[in-house]
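Chain by chain, the residues run as shown.
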Amino acid sequence: MLQIQENVSLINFNTFGVEASAHYFVEINHKEELAELFMDPQWKQTPMLVLGGGSNMLLLNDFAGLVIRINIRGIEHRISHTDIHVEAGAGEVWNDLVNFCIARGYAGLENLSLIPGSVGASPIQNIGAYGVELKDVFQSCEAFEIATCQFKTFTKADCKFDYRESVFKSELKGQYIIVSVKFLLSLVPNFNLKYGVIEQELTARGITKPTLKDVSQVVSHIRVSKLPDPSTIGNAGSFFKNPVISTAEFSPIHQQHPEVVNYPAGDGQVKLAAGWLIEQCGWKGKVVGNTGTWKNQALVLVNHGGATGEEVYSFSSQIIDSVYTKFGVTLQREVNIIS
Ligand code: FAD
Ligand code: EPU
């Protein structure tokens, strides 16, 4: 029997650690409970927030509707020659799945080590790190359609993955709840060590033939050195996306700032490091009231204690304004703003 609770504090359900309450709150442990929930027409008309680990959202106010916390567990795996088929429940912790695979020699997720949050949220923004994105290992996902109470399978093509984007964040926003994700991994590692300092760090450790575990440990080490741990300082990772602009837009910026950190993004486009842009505007490590940017990574906004969602949001607007004034580039928020 589903337990719908009322006036539940969300402070421990969002990694920013902002105080906000949910008018109604329900935890889903089995996918069948979604059909049970939405059989009551009341919930189809109530504003809804699907919640995984709360590590990519900023709650601006108390949530006046129903918060649906996804806790569907289970990991199944099957070997076919060198291919590994893994299916995980949406409520599994992402990094537990990564560790599960690494322990068994299943390659593909190692560069995505230590990303917070749930398996079910991983397709929403096509999580990515250190040169790998979810789409590189994704096979399909199963999602519950709220309007029809039916389950539907989404292939990789259906998901329209892009940099920090998917169909679930755009045209189908709010219409589906992901209940499980299938991955295609391999027994034969195809290491991607080119990004950032992975190779450098492996060399420093004297590792010439890395294992999956080595790569995972190095990625985790680099992440810990740059990113604040949400259990001690509230944050949701990168607050903004790295802006992707045309070469025509890039040219005058490059002329004025030859040191601008940039990467080719295909189709005549250039990706800029938002952290660099923000740092150049003097924001790195700045503390403003209860909020600020992280001292080692200006792209991460933090809650120094007691910050409200509105406070963080208004600080992020200041950053957007100053980056626009200095570089003519408009930063887009990566974190989901919940009002
Ligand atoms: P939540 O914050 O709970 O939800 C995020 C969004 O997805 C919301 O809109 C929510 O409604 C929706 N959603 C959640 N679950 C479901 C579901 N089952 N069905 C439908 N919709 C759902 N991200 C990266 O891509 N790369 C990184 O390197 C990275 N590093 C991070 C480092 C730190 C320290 C932190 C705090 C965050 C980082 N993130 C990173 C962001 C975050 O970890 C990911 O976006 C993650 O996928 C969010 O998972 P979650 O379960 O916490 O999602
Ligand atoms: N930089 C600065 N100052 C800063 C931060 C960065 O100058 O304060 C410059 C440096 O030159 C650095 C470059 O920006 O080399 C890139 O920085 P980093 O390697 O830390 O990566 P990022 O582009 O800032 C992205 C993702 C992260 C992901 C890392 C590693 C986005 C929005 N962010 O950050 O994802 O972990 O790459 O792949 O794409 C997240 O989405 O929450 C997240 C943390």
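Since the model is a prediction, treat every value here as computed from it, not as a measurement.

Chemist: Where do I start with the overall build of the protein chain in this structure?
Modeler: Across its full length, the protein chain holds 9 helices and 20 strands. The C-alpha radius of gyration computed for the protein chain amounts to 21 Å, which stays within 12% of the reference 20 Å derived for 339 residues, consistent with globular compactness. Roughly 15,900 Å² of accessible area belongs to the protein chain as shown, and the carbon and sulfur atoms make up 50% of that amount.

Chemist: Hey, could you run me through the site of ligand 2 in this one?
Modeler: In the region of ligand 2, 23 residues are neighbours, and Tyr-130, Tyr-163, Ser-238, Glu-279 and Glu-334 sit closest. With respect to ligand 2, the side chain of Arg-164 contributes an N or O atom lying 2.9 Å from an oxygen atom. For ligand 2, the protein covers 82% of the area, taking 820 Å² as the surface of the free molecule. Listing elements by their share of the shell around ligand 2, those giving two or more residues are helix H6 (212–226), strand E13 (234–238), helix H8 (274–280) and strand E19 (297–303). In terms of residue class, the shell around ligand 2 is made up of 11 nonpolar, 5 polar and 7 charged. Residues lining the shell around ligand 2 come from more than one domain, with at least three contributed by each of domain 2 (75–186) and domain 3 (234–338).

Chemist: In this structure, what is going on with the site of ligand 1? I would like to understand it.
Modeler: Surveying the vicinity of ligand 1 reveals 33 residues, the closest of which are Val-50, Gly-53, Ser-55, Ser-118 and Gly-128. Here Pro-116 contributes a backbone N or O atom positioned 2.8 Å from an oxygen atom of ligand 1. Ser-118 is positioned with one of its side-chain polar atoms (N or O) 2.6 Å from an oxygen atom of ligand 1. Contact with the protein chains hides 93% of the accessible area of ligand 1, taken as 980 Å² for the molecule alone. Elements with a contribution of two residues or more to the shell around ligand 1: strand E3 (48–51), strand E8 (128–129), strand E12 (176–186) and E13.

Chemist: Where do I start with the sheet that holds strand E10 (residues 138–145) in this structure?
Modeler: Sheet strands pair by backbone hydrogen bonding; their relative direction is either parallel or antiparallel. Within the open sheet, the 5 strands sit side by side as E6-E7-E12-E10-E11. Their pairing is antiparallel. With partners counted over all chains shown, the strands left at the sheet margins are strand E6 (75–80) and strand E11 (150–155), one partner each. Going across the sheet, the axis of each strand differs from the next one's by a mean of 15°, ignoring polarity. In this structure, E6 lies alongside strand E7 (residues 83–89), joined through 6 bridges in antiparallel fashion. What sits directly across from Ser-80, in E7, is Asp-83.

Chemist: Sorry if this is basic, but what is going on with the environment of Met-48 here?
Modeler: With respect to the element layout, Met-48 can be found in strand E3. On the basis of relative accessible area, Met-48 is assigned to the partly exposed category, the value being 23%. Each C-alpha atom of the pair Met-48 and Arg-73 lies 21 Å from the other, and the pair is 25 residues apart in sequence. Ignoring anything within four residues of it in the chain, the contact list for Met-48 reads Phe-38, Phe-63, Leu-66, Ile-68, Ile-146, Gly-174 and Ile-177.

Chemist: When you look at the packing of aromatic side chains in this model, what are you seeing that I'm missing?
Modeler: For any pair of aromatic rings, the description rests on two quantities: the centre-to-centre distance and the angle between the ring planes. In total, this model carries 13 aromatic pairs according to the counting rule given. A ring pair is formed by Trp-276 and Phe-327, whose centres lie 5.7 Å apart and whose planes are at 50°; its orientation type is tilted. Here the residue Trp-276 occupies a position in helix H8, and Phe-327 occupies one in helix H9 (residues 309–327), the gap between them amounting to 51 residues. Phe-327 matches Trp-276 in its accessibility class, with the two residues each being buried. Through successive ring pairs, a cluster of aromatic residues spans Phe-16, Phe-239 and Phe-240.

Chemist: Hey, could you run me through the nonpolar core in this one?
Modeler: Soluble, globular proteins show a tendency: their nonpolar side chains are buried together. Within the largest apolar cluster, 44 residues are counted, with the highest numbers of intra-cluster contacts made by Phe-240, Leu-272, Ile-278, Ile-319 and Leu-331. Ranked by the residues each element gives to this core, the list is headed by H9, at 6 residues. Each of two domains, domain 1 (5–70) and domain 3 (234–338), supplies a minimum of three residues to this core. When sequence neighbours within four positions are dropped, the list of residues in contact with Leu-272 reads Asn-242, Pro-243, Ile-245, Phe-250, Ile-253, Val-260, Val-261, Asn-262, Leu-277 and Val-329. Grouped together as the second largest cluster of nonpolar side chains are 43 residues, Leu-97, Ile-102, Phe-138 and Phe-183 included.

Chemist: Can you walk me through the side chain of Gln-125 in this structure?
Modeler: Mapped onto the secondary structure, Gln-125 falls in the loop between helix H3 (94–103) and E8. What makes Gln-125 buried here is its relative accessible area of 11%. Polar side-chain contacts of Gln-125 include one of 3.2 Å to the side chain of Asn-56. Those residues within four positions of Gln-125 in sequence are excluded, and the remaining contacts are Asn-56, Arg-164, Glu-165, Lys-169 and Glu-334.

Chemist: Would you explain the domain arrangement of the protein chain in this entry?
Modeler: Many analyses report the size of an interface as the accessible area lost when the parts associate. Each domain of the protein chain was delimited in the assignment, giving domain 1 (5–70), domain 2 (75–186) and domain 3 (234–338). Between domain 2 and domain 3, the C-alpha centre-to-centre distance is 27 Å. Facing 5 residues of domain 2, the contacting portion of domain 3 comprises 6 residues. Taken together, both faces of the contact between domain 2 and domain 3 bury some 520 Å²; the carbon and sulfur share is 38%. Contact with domain 3 buries surface across domain 2, with Tyr-163, Arg-164 and Lys-169 losing the most and accounting together for 74% of the total. Seen at the junction of domain 2 and domain 3, the total is 2 salt bridges. A salt bridge links Glu-334 to Arg-164; the nearest nitrogen and oxygen atoms lie 3.0 Å apart. Summed over the shared surface of domain 2 and domain 3, the result is 3 residue pairs in polar contact (both at pLDDT 80 or more). For the side of domain 2 that touches domain 3, the residue count by class is 1 nonpolar, 1 polar and 3 charged.

Rules used throughout
- Residues numbered from 1 in each chain as written.
- Chains lettered and ligands numbered in written order.
- Predicted model: local features only at pLDDT ≥ 70, side-chain atom pairs only at ≥ 80, totals over all residues.
- Heavy atoms only, no water.
- Helix = DSSP H or I, 4+ residues; strand = E, 2+ residues; numbered from the N terminus.
- Rg over C-alpha atoms; globule rule 2.2 N^0.38 Å.
- Areas by Shrake-Rupley, 256 points an atom, 1.4 Å probe, with all protein chains shown as cover.
- Near = heavy atom within 4 Å.
- Polar contact = N/O pair within 3.5 Å; in protein donor to acceptor, adjacent residues only side chain to side chain.
- Nonpolar A, V, L, I, M, F, W, Y, C, P; charged D, E, K, R; others polar.
- Domains from an automatic or database assignment.
- Pairing = 2+ DSSP bridges.
- Axes fitted to C-alpha atoms, helices over the stretch in contact; angles between N-to-C directions.
- Buried < 20%, exposed > 50% of the residue type's maximum accessible area, 1.4 Å probe, protein only.
- Contact = heavy atoms within 4.5 Å.
- Phe/Tyr/Trp six-rings, centres within 6.5 Å; stacked < 30°, edge-to-face > 60°.
- Core = buried A, V, L, I, M, F, W, Y, C linked by side-chain atoms within 4.5 Å.
- Buried area = accessible area lost by both parts, 1.4 Å probe.
- Salt bridge = Lys/Arg side-chain N within 4 Å of Asp/Glu carboxyl O.

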